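Each chain, written out:
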Amino acid sequence: VQLQASGGGLVQTGGSLRLSCAHSGWPFRSGAVAWFRQAPGKEREFVSAIKWNRYTYYADSVKGRFTISRDSAKNTVHLQMNNLTPEDTAVYYCAADGGVIQSALRVSRSYDYWGQGTLVTVSS
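Everything numeric in this text was worked out from a predicted model, so none of it was measured.

Describing the packing of aromatic side chains
For the coordinates displayed, the defined rule picks out six aromatic pairs. Aromatic side chains phenylalanine 36 and tyrosine 111 sit 5.5 Å apart centroid to centroid with 75 degrees between the ring planes, which places their arrangement in the edge-to-face category. In this pair, phenylalanine 36 is assigned in strand β4 (residues 32–38) and tyrosine 111 in the loop between β9 (90–97) and β10 (113–114), connecting sequence segments 75 residues apart. Here tyrosine 111 falls in the buried class, since its relative accessible area comes to 4%. Between phenylalanine 36 and tryptophan 114, the aromatic rings sit 5.3 Å apart at their centres with planes inclined by 50 degrees, giving tilted as the arrangement. Placement of the pair is phenylalanine 36 in strand β4 and tryptophan 114 in strand β10, with a sequence separation of 78 residues. Judged by its relative accessible area of 28%, tryptophan 114 is partly exposed. One aromatic cluster in this structure is built from Phe36, Phe46, Tyr93, Tyr111 and Trp114. Between the NZ or CZ atom of arginine 44 and the centre of the ring of tyrosine 93, over which it lies, the distance is 4.0 Å. Here the guanidinium or amino end of arginine 70 rests over the ring plane of phenylalanine 28, the centre of that ring lying 4.0 Å away.

Thresholds, definitions, all that
Residues numbered from 1 in each chain as written. Predicted model: local features only at pLDDT ≥ 70, side-chain atom pairs only at ≥ 80, totals over all residues. Heavy atoms only, no water. Phe/Tyr/Trp six-rings, centres within 6.5 Å; stacked < 30°, edge-to-face > 60°. Helix = DSSP H or I, 4+ residues; strand = E, 2+ residues; numbered from the N terminus. Buried < 20%, exposed > 50% of the residue type's maximum accessible area, 1.4 Å probe, protein only. Lys NZ or Arg CZ within 6 Å of the ring centre and 35° of its normal.

Here's what the structure looks like:
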């Protein structure tokens, strides 16, 4: 399984970015793909996840601003991020696992496969 994250960049407060996670070697018929982020000096935290059946989950800090979706034809999961603030600045990682259960979706160690990370910087 390989994951390739892309779409990060520099944006001003209130702006938008769309991250993409292209996955290969995995049919995504079970488990979930998730986004985590890690800001400098902070622990990695859950952002959002989408299960194989398209059920979606969000951290409270991004609910209403971020939208996760999947493009099955392109084996890609997107994270649309709107109304960004400097607190959203972090390296964003996508992660995947075919066996993650719902109660463990928000836990980083539940995922065996990780992309390389993409940097999102929001200027004030």
